[in-house]
Amino acid sequence: MPRVNRTVALSLLIVCSLVFLLFQLYYYRKYVGKQTGPHILNPAGHLTTSQVQWQTVKTFLALAQRFRLPLFLADTIALSLLSQDALRQQDLLVREPHCSFLCTGRPVTSFALQANRWKYDPGFLLAAEQKGFELMELRGEDPRLASLDTLSGEQIPLHFLFRLHNYVIQVVFLYERSGNYLWHGPLRLQADMDRSFAPFKLLDYGYHSGAYDRPELILTVLDGLDVRVPRNVSSFVAQQKHARFLECRYREARNFLQLYPDDSSVVAVDFRRKAKTLLHLAARTLTQLGVPFWLSSGTCLGWFRQCNIISYSRDVDIGIFIKDYRPDIIAAFRKAGLSLKHKFGKVEDSLELSFLSDDIKLDIFFFYEDADVWNGGTQAKSGRKFKYIFPRFSLCWAEFLELKVRVPCETLDYVMANYGTTWNIPVTSWDWKTSPSNVQENGVWPVSEWEEVIQVY
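Residues numbered from 1 in each chain as written. Predicted model: local features only at pLDDT ≥ 70, side-chain atom pairs only at ≥ 80, totals over all residues. Heavy atoms only, no water.

This brings us to the state of the cysteines. If you walk through the whole model with that rule in mind, you get three disulfides. At a sulfur-sulfur separation of 1.7 Å, the disulfide partner of Cys248 is Cys307. Residues Cys248 and Cys307 are joined through a disulfide that is left-handed, its torsion about the S-S bond being -125°. Here Cys307 lies in the loop between α10 (297–306) and β14 (315–321) and Cys248 lies in the loop between β12 (244–246) and α8 (250–259), a separation of 59 residues in the sequence. The partner cysteine of Cys396 in its disulfide is Cys409, sulfur to sulfur 2.0 Å. Between Cys396 and Cys409 the sulfur-sulfur dihedral comes to about 110°; the bridge is accordingly right-handed. (Disulfide = S-S within 2.5 Å. Helix = DSSP H or I, 4+ residues; strand = E, 2+ residues; numbered from the N terminus.)

Given below as structure tokens:
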């Protein structure tokens with residue numbers, strides 16, 4: 001048998017190996033590379049998109065930990081998957097680092113950054129770039145510097161979008177505001193920005209500005225990764241659904257006050273001080289009861305038109321949906337130091353409460369929803385009933401007198417319903433029975449019910 005030359009044999013093996021490698025490369029590019037979405041091999045040899053998302057989040061969180069970013073998980077779908085039982089199963093999650101919570105089926109995961117606890121560090125962004133992340137940084141004006149005297153021009157970071165393997169990490173910046181709450185700004189793309197960079201319609205944050213109570217955070221383990229999450233997950237997710245925030249319109253307010261300078265007399269200044277104290281007291285009392293309210297009537301007009309209390313209004317007005325009424329509201333306000341001035345109507349019809357504190361009146365109007373949205377009014381001496389009809393509205397957060405409060409999101413429509421098209425012209429003489437644009441006669445209370453529906457103290 002002829003002897004085989006070892007060099008020839010080695011050469012044949014090398015050629016065969018190269019042919020096999022080229023075949024593998026061809027097969028991958030032709031059949032695997034065309035599959036939709038990013039894929040990597042998991043330990044079992046199967047291609048999964050969830051593993052890519054998990055690796056992306058893992059890489060990002062490692063960077064965040066290295067640069068001490070004060071992050072917490074804010075992704076609404078991921079948070080909705082959590083439960084108190086899941087948070088207790090940390091040992092299981094450590095032993096079994098599959099992607100059960102962080103891989104939500106969406107190509108985006110959202111985190112929130114507590115901006116007051118982090119100094120902007122370009123080194124973090126550079127390190128992210130070195131790891132392969134692409135960055136889109138979105139900035140906006142700092143509303144905390146805006147006032148009736150100064151319009152903010154300083155730009156602050158509002159959102160970071162990190163992209164790797166076609167997955168996006170959204171980082172939304174939460175800033176502390178003077179009303180003791182957290183705020184994030186809207187996500188607005190500049191004309192030269194890539195609108196295909198991220199699935200913007202899928203982002204949890206940025207469609208509007210948002211306001212949140214400061215959450216208590218806990219460190220837990222999700223899918224084998226250390227992650228901070230709100231302790232009360234359900235509360236945070238519920239807040240996110242109704243977090244839309246409206247800024248006071250400082251520019252328009254300045255223009256208004258140039259035409260109609262505010263009253264700076266001692267009496268007016270004293271009233272505004274007392275009204276602010278009363279509004280804060282009302283907010284604390286109703287929050288303790290779990291009763292949502294919003295600025296209504298003249299107080300809402302003052303916020304919308306001039307970012308302040310209307311000095312000649314002489315009262316504070318708030319609205320509450322009748323479905324949120326609680327029988328202990330009167331007792332709670334009395335306990336807080338207010339006296340009941342009058343109670344008109346009843347829970348089923350035209351309820352209205354008025355309290356007094358330091359000679360300033362707090363009017364609480366209860367709103368009913370049937371064919372219309374309306375609140376009622378009652379004339380004590382005659383028993384005549386009145387009805388004030390509003391277009392349907394939703395509620396947003398706003399800041400007023402260093403307090404986070406609700407206002408109608410459709411504020412202009414709400415104000416115009418009450419004050420007509422001339423709402424931006426001050427009217428110091430006001431008759432609640434005839435002046436409002438939306439007032440209607442609504443009958444007369446039967447005399448037999450007066451003892452119940454007309455109570456004056």
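Still to come is the rest of the account.
This next bit is on the pattern of salt bridges. Tallied over the full model, the rule gives 24 salt bridges. For the salt bridge of Glu402 with Lys276, the shortest nitrogen-to-oxygen distance reads 3.3 Å. Of this pair, Glu402 sits in the loop between β20 (395–399) and β21 (404–408) while Lys276 sits in helix α9 (residues 266–289), and the two are 126 residues apart along the sequence. Take Lys276: its relative accessible area is 28%, and that puts it in the partly exposed class. It is possible to trace a salt-bridge network through shared partners that takes in Asp270, Arg273, Lys274 and Asp358. (Salt bridge = Lys/Arg side-chain N within 4 Å of Asp/Glu carboxyl O. Buried < 20%, exposed > 50% of the residue type's maximum accessible area, 1.4 Å probe, protein only.)

To continue, consider the confidence of the model for the chain. The predicted model of the chain has a mean per-residue pLDDT of 89, with 86% of residues at 70 or higher. Confidence over residues 90–96 falls short of pLDDT 50; this stretch has 10 contacts with residues more than four positions distant or in other chains. (pLDDT = per-residue confidence, 0-100. Contact = heavy atoms within 4.5 Å.)

Listed as buried for helix α12 (residues 411–419) are Thr411, Tyr414, Val415, Ala417, Asn418 and Tyr419. Considering only its buried residues, α12 is in contact with β12, β13 (294–295), α10, β17 (360–369), β19 (384–390) and β21.

Turning our eyes to something else, we now look at the side chain of Thr109. Residue position: Thr109 is located in strand β4 (residues 108–114). At 3.2 Å, the side chain of Thr109 and the side chain of Gln53 are in polar contact. (Polar contact = N/O pair within 3.5 Å; in protein donor to acceptor, adjacent residues only side chain to side chain.)

A few words on a nonpolar patch on the surface. The grouping of Leu259, Tyr260 and Ile425 at the surface amounts to a nonpolar patch, some 290 Å² of accessible area in total. Within the element layout of this structure, Ile425 appears in the loop between α12 and β22 (439–444). Note on Ile425: relative accessible area 41%, which makes it partly exposed. (Patch = residues over 30% accessible without salt bridge, like charges linked within 9 Å, V, L, I, M, F, W, Y side chains within 5 Å. Areas by Shrake-Rupley, 256 points an atom, 1.4 Å probe, with all protein chains shown as cover.)

It is worth spelling out the pairing of strand β10 (residues 217–222) at this point. Relative to strand β11 (residues 225–230), β10 is paired through six bridges, and the arrangement is antiparallel. By the bridge assignment for β11, Leu219 is matched with Arg228. Between β10 and β11, which pair antiparallel one after the other, the connecting turn spans two residues, and Asp223 there sits at a positive phi close to 55°. (Pairing = 2+ DSSP bridges.)

Okay, the packing of aromatic side chains next. Under the defined criterion, the tally for this structure stands at 36 aromatic pairs. A ring pair is formed by Phe304 and Trp423, whose centres lie 5.3 Å apart and whose planes are at 50°; its orientation type is tilted. With a gap of 119 residues between them, Phe304 in helix α10 and Trp423 in the loop between α12 and β22 connect regions that are remote in the sequence. An identical accessibility class is assigned to Phe304 and Trp423; each is buried. Here the aromatic residues Phe60, Phe67, Phe111, Trp118, Tyr120, Phe124, Phe133, Phe160, Phe162, Phe173, Tyr175 and Trp183 are joined through ring pairs into a cluster of three or more. Directly above the ring of Phe304 sits Arg249, whose terminal nitrogen or CZ lies 4.0 Å from the centroid. Here Arg314 stacks its cationic end above the ring of Phe271, 4.5 Å away from the centre of that ring. (Phe/Tyr/Trp six-rings, centres within 6.5 Å; stacked < 30°, edge-to-face > 60°. Lys NZ or Arg CZ within 6 Å of the ring centre and 35° of its normal.)

A word on unusual backbone geometry. Phi at Asp359 takes a positive value of approximately 70°, unusual for a residue other than glycine. Here Glu402, not a glycine, exhibits a phi torsion of approximately 60°, which is positive.

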